[in-house]
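# Summary of the model geometry
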Amino acid sequence: MVVKTHSKGRGLTGLHVGASNVRRYFPKNISVIELQLDHLHIQCGLKPGFWDGEPEIFDPRLCAWLEAKNLRPQPTQPDVPLALIPAGDNSFRLRPVVPNDRDRARTAFPPAA
């Protein structure tokens, strides 16, 4: 699924997952997901509003990773698309997205074996 970075101000960058992705990939009975950010694995809590109009994930470690990778929103590019790839029960890999020569999105890194 393609998600986008979302900023709530300086030093608070997270992911906007989107309501349709939430309905499809996130059961309402979970309150925590695992994100695989390169070699870093973190658990992020999901707020109750995640399923009710606020489909966003914020975590200080996620914010630091996004900013270290220069994936935070910029004035010239407010939303940075990222691939959030299911990797098991309540687990997802987060990867940058780059357009290929046919203008379709694909991940910048090959999937793990």
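Please refer to the structure placed before this passage.
Because the structure is a prediction, the values reported are computed rather than measured.

### Things to note about the layout of surface pockets
Rolled over the atoms, a probe sized like a water molecule indicates the empty space that remains. Within this model, the largest pocket holds a volume of roughly 160 Å³. Lining the largest pocket we find Lys8, Leu12, Gly45, Lys47, Glu54, Glu56, Ile57 and Phe58. Here the residues of the lining of the largest pocket are counted per class, giving three nonpolar, one polar and four charged.

### Focus on the nonpolar core
Grouped together as the largest cluster of nonpolar side chains are 24 residues, with contacts concentrated most on Phe26, Ile33, Leu35, Ile57, Leu62 and Leu94. Among the secondary structure elements, those contributing two or more residues to this core are strand E3 (32-37), strand E4 (40-45), helix H2 (60-68), strand E6 (81-86) and strand E7 (91-99). Setting aside residues up to four positions removed in sequence, Phe26 forms contacts with Met1, Val17, Asn21, Ile33, Leu46, Phe50, Trp51, Leu84 and Phe92.

### A word on the packing of aromatic side chains
As enumerated under the stated definition, the model contains three aromatic pairs in all. Summarising the aromatic geometry, the rings of Phe26 and Phe50 are spaced 5.1 Å apart at their centres and angled 80° between planes, so their arrangement reads as edge-to-face. Taken together, the residues span a long stretch of sequence, with Phe26 in the loop between helix H1 (19-25) and E3 and Phe50 in the loop between E4 and strand E5 (56-57) at a distance of 24 residues. A ring pair is formed by Phe26 and Phe92, whose centres lie 4.9 Å apart and whose planes are at 25°; its orientation type is stacked. Of this pair, Phe26 sits in the loop between H1 and E3 while Phe92 sits in strand E7, placing them 66 residues apart in sequence. Given the relative accessible area of 3%, Phe26 is considered buried. These aromatic residues form a ring-pair network of at least three members: Phe26, Phe50, Trp51 and Phe92.

### A few points about the side chain of Glu56
Among the secondary structure elements, Glu56 is positioned in strand E5. Here the side chain of Glu56 touches His6 through a polar contact of 3.3 Å, side chain to side chain. Leaving out residues up to four positions away in the same chain, Glu56 has contacts with His6, Lys8, Leu15, His16 and Phe50.

### Concerning the environment of Leu62
Relative to the helices and strands, Leu62 is located in helix H2. Since its relative accessible area comes to 0%, Leu62 is described here as buried. As for Leu62 and Leu12, which are separated by 50 residues in sequence, their C-alpha atoms are 9.4 Å apart. Setting aside residues no more than four positions away along its own chain, Leu62 makes contact with Gly14, Leu15, Leu35, Leu37, Ile42, Ile57 and Leu94.

Criteria and cut-off values
- Residues numbered from 1 in each chain as written.
- Predicted model: local features only at pLDDT ≥ 70, side-chain atom pairs only at ≥ 80, totals over all residues.
- Heavy atoms only, no water.
- 1 Å grid on protein atoms, 1.4 Å probe; cavity = no way out; pocket = protein on both sides within 12 Å on 5 of 7 lines; lining within 4 Å.
- Points joined across faces, edges and corners; volume = space filled by probe spheres on them.
- Nonpolar A, V, L, I, M, F, W, Y, C, P; charged D, E, K, R; others polar.
- Core = buried A, V, L, I, M, F, W, Y, C linked by side-chain atoms within 4.5 Å.
- Buried < 20%, exposed > 50% of the residue type's maximum accessible area, 1.4 Å probe, protein only.
- Helix = DSSP H or I, 4+ residues; strand = E, 2+ residues; numbered from the N terminus.
- Contact = heavy atoms within 4.5 Å.
- Phe/Tyr/Trp six-rings, centres within 6.5 Å; stacked < 30°, edge-to-face > 60°.
- Polar contact = N/O pair within 3.5 Å; in protein donor to acceptor, adjacent residues only side chain to side chain.

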